[in-house]
Amino acid sequence: MSAAQRLAEARELLAEHPVVDGHNDLPWALRQQVRYDLAQRDIAGDQSAHLHTDIPRLRAGGVGAQFWSVYVRSDYAGDEAVSATLEQIDAVAQLIDRYPGDLVRALTADDMEQARADGRIASLMGAEGGHSINNSLATLRALHLLGVRYMTLTHNDTIDWADSATDEPRHGGLTDFGREVVREMNRVGMLVDLSHVAATTMRDALAVSVAPVVFSHSSARAVCDHPRNIPDDVLALLPANGGVAMATFVPKFILPAAVEWTLAADENLRKHGFHHLDTTPEAMALHRAFEAERPRPVATAATVADHLDHMREVAGVDHIGIGGDYDGTAFTPSGLDDVAGYPNLVAELLARGWSRADLAKLTWSNAVRALRDAEAVARDLSATRGPSNAVLQVLSSKQGQAGL
């Protein structure tokens, strides 16, 4: 089969089994670039000069469901983090209201299937970082009522109850309150997302959670030794849990040669007064100037496929998915430049001998099944116990006394 034939087959497969993408940072990009003025970034048309994401490219990429990240930076704290998260949730609601022919609010696995049947893109939300709940289980429940269907336990910084992968550990994983957060997420039906967390936090959460977990945008540490990726022993725990690891496309997490280059590029941004995650035109101009002097190692669809091959081998084909992290990264792989690129990844996997049945699990079925299973767990748990009103300070005090 020629490359053109594989690409045509990939597009045909995605028409039937579209991509459920675990993580897209369009809401934050809209906040940064135009403060949610959607008329300035009308995604009904081509926004490739500014964004990785617009509706024509989502359609071209075969995306059938998107978890929109309602991320806020982890240096936001307390009520500022909560209010900024609410603004992000409101931005997703505005997008859905503005483009009803293409986007539809989805809260359940059934909603996702109905959206697919109707030819619309199921729009779900994931909160990226436990700082967004300000140590309040009531706030966690409020986010769930507003439609948030997963929460990443940390972002880049360790928080009061969970260690991050990219910060100094303080707890050895989860604290007692952190375990209570996981239990309450199980009870309400919010998926526990373990991207960004330390490996110790991953293991603690898997030991506590009775519902499937997800990694909304993480790849294999055995293929690229970056702390944002998933160790093999954790991947091996997913079959018993029912969880799904969704491979990311971020070059610095998937291509070893890109790690050192990105550290230097990020430092160049900070030196000029920009946050290292900034993707505004001004920040990208600095990146391009840096790249002109020091060429950037370029990942490809084959790089991502290497991770998926490994993740399938360790976790099994029923426990893998895709989480591109578009509009949350300055750089993307060649061939996966934006949300139109998913067919190129599927074509690469077809070339490696992946079956249509396995690809349908990767793109659609696994993520839908994980949410459906989490909903079933929540129904059982909510029938036997009420909301938790645990308080961080009380549990922390008890935990400290137990250690004496």
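Computed from a predicted model, the values in this text were never measured in an experiment.

### Details of the environment of Arg-312
Within the secondary structure, Arg-312 sits in helix 14 (residues 301–315). For Arg-312, a relative accessible area of 26% gives the class partly exposed. Distance in space between the C-alpha atoms of Arg-312 and Leu-362 is 9.6 Å, their sequence separation being 50 residues. For Arg-312, the residues in contact, after removing those within four places along its chain, are Val-317, Ile-320, Trp-354 and Asp-358.

### Some words on the packing of helix 6 (residues 137–145) against helix 7 (residues 176–188)
Remark: helix 6 packs on helix 7, axes separated minimally by 11 Å, with the N-to-C direction vectors making an angle of 30°. In terms of axis orientation, helix 6 runs roughly parallel to helix 7. The hand of the helix 6/helix 7 crossing is right-handed. Residues Leu-137, Leu-140, Arg-141 and His-144 of helix 6 form the contact with helix 7, whose own contacting residues are Phe-177, Glu-180, Val-181, Glu-184, Met-185, Arg-187 and Val-188. When the residues that make up the contact of helix 6 with helix 7 are grouped by side-chain class, the tally is six nonpolar, one polar and four charged.

### Section: the pattern of salt bridges
When the charged atoms of two side chains with opposite charge come close together, those side chains can pair. One pass over the full model with this rule turns up 27 salt bridges. Across the salt bridge formed by Glu-184 and Arg-141, the nearest N and O atoms sit 2.8 Å from each other. Separated by 43 residues along the polypeptide, Glu-184 in helix 7 and Arg-141 in helix 6 bring together distant segments of the chain. Exposure class is identical for Glu-184 and Arg-141. Each is buried. Residues Glu-260 and Arg-294 are paired through a salt bridge, measuring 4.0 Å at the closest nitrogen-oxygen approach. Of this pair, Glu-260 sits in helix 12 (residues 256–271) while Arg-294 sits in the loop between helix 13 (281–293) and helix 14, and the two are 34 residues apart along the sequence. Note on Glu-260: relative accessible area 57%, which makes it exposed. A single network of salt bridges, built from pairs that share partners, joins Asp-306, Asp-309, Glu-348 and Arg-352.

### Comments concerning the environment of Leu-26
In this structure, Leu-26 sits in helix 2 (residues 26–34). For the pair formed by Leu-26 and Tyr-326, sequence separation is 300 residues and the distance between their alpha carbons is 7.4 Å. Apart from the residues lying within four places of it in its own chain, the contact partners of Leu-26 are Ile-43, Leu-51, Thr-53, Trp-68, Leu-95, Tyr-326 and Asp-327.

### Observations concerning the packing of helix 7 against helix 16 (residues 356–382)
The geometry of helix 7 relative to helix 16 is characterised by a closest axis approach of 6 Å and an angle of 100° between their N-to-C directions. Taken together, the axis directions place helix 7 and helix 16 in an arrangement best described as roughly perpendicular. Across from Asn-186, Arg-187 and Val-188 in helix 7, the residues of helix 16 making contact are Val-377, Ala-378, Leu-381 and Ser-382. Considered class by class, the residues forming the contact of helix 7 with helix 16 number four nonpolar, two polar and one charged.

### Remarks on helix 15 (residues 342–351)
Counting buried residues in helix 15 gives seven out of 10 residues, a clear majority hidden from the surface. Along helix 15, the positions that sit buried rather than exposed are Tyr-342, Pro-343, Leu-345, Val-346, Ala-347, Leu-349 and Leu-350. Directly after helix 15, the chain includes Gly-353, whose backbone phi takes a positive value near 95°.

### Quick notes on helix 4 (residues 78–98)
Look at helix 4: 31 Å from first C-alpha to last across 21 residues, which is about the 30 Å you get at 1.5 Å a residue. Every buried residue of helix 4 is accounted for by Ala-81, Val-82, Ala-84, Thr-85, Gln-88, Ile-89, Ala-91, Val-92, Leu-95 and Ile-96. Close packing links the buried residues of helix 4 with helix 2, strand 2 (63–69), strand 3 (103–105), strand 4 (121–128), helix 6 and strand 5 (148–152).

Rules used in this analysis
Residues numbered from 1 in each chain as written. Predicted model: local features only at pLDDT ≥ 70, side-chain atom pairs only at ≥ 80, totals over all residues. Heavy atoms only, no water. Helix = DSSP H or I, 4+ residues; strand = E, 2+ residues; numbered from the N terminus. Buried < 20%, exposed > 50% of the residue type's maximum accessible area, 1.4 Å probe, protein only. Contact = heavy atoms within 4.5 Å. Axes fitted to C-alpha atoms, helices over the stretch in contact; angles between N-to-C directions. Parallel < 35°, antiparallel > 145°, perpendicular 65-115°, else oblique. Left-handed = near helix turned anticlockwise from the far one by under 90°. Nonpolar A, V, L, I, M, F, W, Y, C, P; charged D, E, K, R; others polar. Salt bridge = Lys/Arg side-chain N within 4 Å of Asp/Glu carboxyl O. Expected span 1.5 Å × (residues − 1).

By themselves these figures say nothing about function.
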